[in-house]
Amino acid sequence: MAVAIILGVLGIGLLWLFIGALKGREVDRRVIFVFILVAVAAPLLVNITFKFEPTPIVQAVFDEFESLPEGSTVLFSYDFDPAMAPEVQPMANVLTRHALERGHKIIFMCLFATGEGQFNVTDREVIQPEFPDRVNGVDWVNIGYKAGNEGVLNVIVTDFKKMFPTDVNGVPYDSIKIFDKIKSCKDLDLIVSIGGGRPGIKEWVLFVGDPGNVPIATGVAAVVAPQLYPYYPKQLIGLLGGVKGAAEYESHFKKVYPKYADMATPAIFMMGPQTIAHIVIMAFIVIGNLIFFLGRRKEGEEA
Amino acid sequence: MNRIGIIVFAGVCVLFVTSWFLKGSVGDATMTEGFLITLSAFLTLAIMSFLYKDNPYYKFAEHLFVGVSAAFWMTMGFWSTIVGNLIPRISDSLGAWFLQPKGEINYFFLLPIFFGFLLLMRLAPKGGWLSRWPLAFIIGTTAGLNFVRYLRSDFINQISATFVPLVVDWQGFGHFFGNLSLSATGPLVAMVGNFVIFGGVICGLIYFFFSKEHTGWFGTASRIGIWVLMVTFGASFGYTVMGRISLLVGRLTFLLRDWLELMT
């Protein structure tokens, strides 16, 4: 009902614009901004959500987590900043939740200095409230940020300790239990790079995945997703592209693990405004083209 | 500043202080948290005000962002690169002074310091040419390091990824038509997908092959190639729109939930 009302109001507005444009009235760009604002804000206020099914590329990431034996070691690289967080943080949270639920051990690190702050969000929203029994250093560890971009990856593909002599709290590498059997990235069962900038997923594939033959899954901001699709399925085992990918994953995770039915699903929540905004943008593209072709025909008739 | 500008400025100040007071005194938030939420909301609205037209509030927010970013990255560069990566490797006592864990001393790391100073020679009126040596080193090592990686991952492996079977799970026509489905994991969709990859790559390459005139079957393949490119650009545009809308959703969620508390 709420969707119908919002689309109805927007539709009437678009029709008014279309008629006005046919009469020769120019559409101010600020009018378009107002339409997008309404299309995004209204679904947020009335909380419109849709159902999602995982696409094969998202399902592949989910299946990888499921197929790894309990106690496998997964590295999560938080390669993003607050600007990318609305899109990417939901992925980081749900993937961390899934890994911990399956009993995997997690090494957190970041190639973005701001990634440490984003890890704190996951720690605050997922690890501490939902997995308080998991011990830092045994079940998970945060080794933080190191400057050097792909240079860092070039070192840790053969030797972790050389680049990360301690964790983020200054605990020496040798006394961190999770590193008992992990000497380099080649010893990891899976790497999950979450981000959308540089250094990021591409560098992980180039400097660790391919030379070290380590499986890599990823969750990325929508802007870079099309550039990474060619790596699937040989160089990336799966990919969560933008908030849509995150929504598919959240939806499937809740379905498979009913005990998380009440968990926060920010990506699913964000897809409501996304859908309405996309409909409005498509309507503007259609209206713009219609006006262009009608105007050209009119000019032809006059000539 | 004209009279309208002064009135708007006064209005913004009153709104800011009111919001700060209300956020800090009502509910669980402290005055500090109230100030931070109000400041975030003010900066968000200041940046968004550019959509109407350029104005001093947008300029203020933009300059603040650039200044804070520059300071942040300079600080991070010092603490993570110079203190984190370099100092523990050249001096135990200096490392301890910076509260860094003890590292393996390696005087080879004096070389980056030397190169770093050479880079700064760019600022010297007569010694600018010296900065070319570390630049040459940086470009040379980066090119050498990336060449091998890109050749393997973005060239050989990508070519190999286009060698896909055009016929998937073939067990005869009877089996194929008897189990025909549009499932994303079914053989029909896989075959169509593989044909698109194969044909798309060939036609895309033909479009960029200019040693033969694009006429006849070659021209047709070239036109298909440009369609493939257009579809790719369209997909990129669609994803970009999704990304930008996500960011808008993020900011509006902050304004409507954290600031105005209109959402739960």
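Residues numbered from 1 in each chain as written. Chains lettered and ligands numbered in written order. Predicted model: local features only at pLDDT ≥ 70, side-chain atom pairs only at ≥ 80, totals over all residues.

**Student:** Let's hear about the domain arrangement of chain B: which residues, and what values?
**Tutor:** All names here are of chain B. Domain annotation for chain B reports domain 1 (3-104), domain 2 (106-161) and domain 3 (164-259). On a C-alpha basis, the centres of domain 1 and domain 2 stand 33 Å from each other. Contacts between the two partners involve four residues from domain 1 and, on the opposite side, five residues from domain 2. In the side of domain 1 that touches domain 2, the residues fall into two nonpolar, no polar and two charged. (Domains from an automatic or database assignment. Contact = placed C-beta atoms within 7 Å. Nonpolar A, V, L, I, M, F, W, Y, C, P; charged D, E, K, R; others polar.)

**Student:** Lay out unusual backbone geometry with the relevant residues and their values.
**Tutor:** All names here are of chain A. A cis amide bond links arginine 198 with the next residue in sequence, proline 199, at an omega value of 0°. Note on placement: proline 199 falls in the loop between strand 4 (190-195) and helix 8 (201-212). The omega torsion across tyrosine 232 and proline 233 is 5°, close enough to zero to call that bond cis. Summarising the element assignment, proline 233 is placed in the loop between helix 9 (225-228) and strand 6 (238-241). One non-glycine residue, asparagine 47, lies in positive phi territory at about 55°. Along the chain, asparagine 47 falls in the loop between helix 2 (29-46) and helix 3 (56-67). Phi at asparagine 149 takes a positive value of approximately 50°, unusual for a residue other than glycine. Along the chain, asparagine 149 turns up in the loop between strand 3 (140-145) and helix 6 (150-156). For asparagine 149, a count of 15 C-beta atoms within 10 Å corresponds to the partly exposed category. (Helix = DSSP H or I, 4+ residues; strand = E, 2+ residues; numbered from the N terminus. Buried ≥ 20, exposed ≤ 12 C-beta atoms within 10 Å, placed from the backbone.)

**Student:** Can you explain the environment of leucine 86 of chain B? Please cite residues and give values.
**Tutor:** Residues and elements named next belong to chain B. Inspection of the secondary structure puts leucine 86 in helix 3 (residues 56-90). Residues leucine 86 and glutamate 104 lie 18 residues apart in sequence; the distance between their C-alpha atoms is 11 Å. Discounting residues that sit within four places of it in the chain, leucine 86 has contacts with Thr81, Phe109 and Pro112.

**Student:** Talk me through the packing of helix 8 (residues 187-207) of chain B against helix 9 (residues 216-259) of chain B; I want residue IDs and the actual numbers.
**Tutor:** All names here are of chain B. The interhelical angle for the contact between helix 8 and helix 9, taken along N-to-C directions, is 105°, at an axis separation of 7 Å. It follows from the interaxial angle that helix 8 and helix 9 lie roughly perpendicular. Contacts from Gly200, Cys203, Gly204, Ile206 and Tyr207 of helix 8 reach helix 9 at Phe218, Ala221, Ser222, Ile224, Gly225, Ile226, Val228 and Leu229. Taken together, the residues of the contact of helix 8 with helix 9 sort by class into nine nonpolar, four polar and no charged. (Axes fitted to C-alpha atoms, helices over the stretch in contact; angles between N-to-C directions. Parallel < 35°, antiparallel > 145°, perpendicular 65-115°, else oblique.)

**Student:** Any details on the nonpolar core? Residues and values, ideally.
**Tutor:** Residue and element names in this part refer to chain A. Counting 92 residues, the largest nonpolar core has Val40, Tyr78, Met91, Phe108 and Ile191 as the members making the most contacts within it. With nine residues, helix 11 (residues 266-302) is the largest single contributor of residues to this core. In this structure, phenylalanine 108 is in contact with Phe76, Tyr78, Phe119, Trp140, Val141, Asn142 and Ile143, ignoring residues within four places of it in sequence. (Core = buried A, V, L, I, M, F, W, Y, C linked by C-beta atoms within 7 Å.)

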